[in-house]
Amino acid sequence: QVHLTESGGGSVQAGGSLRLTCTASRKISSRNTMAWHRQVPGNQRELVASIDGDGIMTVATSVKGRFTVSRDYAQSTVSLDMHNLRSEDTGVYYCHVAGPQGSFHYWGQGTQVTVSS
């Protein structure tokens, strides 16, 4: 079992920046995907950004050019740098770790991001 702890959420005005960090309770294999998802009440959870086992990054179109995902393989952390935040970025952001071919999934408890216009 892996416990994921998110930090860095909070409230910010539109145009501002936040950095989210996810720390795993134990070593995460470099073969695994680490990712950030978000959920707005009433909507499905959606992928924001991920880095897979080959180091390939995927970023949602809605945040491309504003958000950057990075990963520290030695520390088993994944971070999300969010700039030029918009009100529609408001939601609960979840850290996610997936095994190869989706063999397992771990989720963090989530951290709230609120962007006021």
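Overview of the structure.

Rules of the game
- Residues numbered from 1 in each chain as written.
- Predicted model: local features only at pLDDT ≥ 70, side-chain atom pairs only at ≥ 80, totals over all residues.
- Heavy atoms only, no water.
- Helix = DSSP H or I, 4+ residues; strand = E, 2+ residues; numbered from the N terminus.
- Rg over C-alpha atoms; globule rule 2.2 N^0.38 Å.
- Areas by Shrake-Rupley, 256 points an atom, 1.4 Å probe, with all protein chains shown as cover.
- Lys, Arg positive; Asp, Glu negative; His and termini not counted.
- Charge placed at Lys NZ, Arg CZ, Asp CG, Glu CD.
- Contact = heavy atoms within 4.5 Å.
- Polar contact = N/O pair within 3.5 Å; in protein donor to acceptor, adjacent residues only side chain to side chain.
- Core = buried A, V, L, I, M, F, W, Y, C linked by side-chain atoms within 4.5 Å.
- Buried < 20%, exposed > 50% of the residue type's maximum accessible area, 1.4 Å probe, protein only.
- Pairing = 2+ DSSP bridges.

## Some remarks on the overall build of the protein
Counting its regular elements, the protein contains zero helices and 11 strands. Put simply, the protein runs from its N terminus to its C terminus through helices and strands in the order β-β-β-β-β-β-β-β-β-β-β. Here the protein has a C-alpha radius of gyration of 13 Å; the compact-globule value for 117 residues is 13 Å, and the two agree. Once the C-alpha set of the protein is aligned to its principal axes, its extents read approximately 40 × 25 × 25 Å. Of the accessible surface of the protein, which amounts to about 6200 Å², a share of 48% is contributed by carbon and sulfur atoms. Separation between the mean location of the 10 positive side-chain charges and that of the 8 negative ones in the protein comes to 3 Å.

## Points about the environment of Thr90
As for its position among the elements, Thr90 is in the loop between strand 8 (77-82) and strand 9 (91-98). C-alpha separation for the pair Thr90 and Ala14, spaced 76 residues apart in sequence, amounts to 10 Å. For Thr90, the contacting residues outside a window of four places in its chain are Val40, Gln112, Val113, Thr114 and Val115. At a separation of 3.0 Å, a polar atom in the side chain of Thr90 contacts the main-chain carbonyl oxygen of Ser87. A polar side-chain atom of Thr90 sits 2.9 Å from the main-chain amide nitrogen of Val115.

## Structural notes on the nonpolar core
Considering soluble globular proteins, one finds that nonpolar side chains tend to be buried as a cluster. Judged by nonpolar contacts, the single largest core of 27 residues is most densely connected at Leu4, Trp36, Val48, Phe67, Leu80, Met82 and Tyr93. Mapped by element, the contributors of at least two residues to this core are strand 3 (18-24), strand 4 (33-39), strand 5 (46-51), strand 7 (67-72), strand 8, strand 9 and strand 11 (111-116). For this core, the element with the highest residue contribution is strand 3, accounting for four residues. Discounting chain neighbours no more than four positions away, the residues touching Tyr93 are Glu6, Leu20, Trp36, His37, Arg38, Val48, Phe67, Leu80, Met82, Gly110, Thr111 and Val113.

## Considerations on the pairing of strand 5
Where strand 4 meets strand 5, five bridges bridge the pair, whose relative direction is antiparallel. Residue Ala35 lies in a different strand from strand 5, and its bridge partner there is Ser50. Between strand 4 and the antiparallel strand that follows it, strand 5, lie six residues; Gly42 among them carries a positive phi value of about 90°. In the sheet, strand 5 pairs with strand 6 (residues 57-59) via three bridges, with the strands oriented antiparallel. Residue pairing in the sheet places Ile51 in a bridge with Met57 of strand 6.

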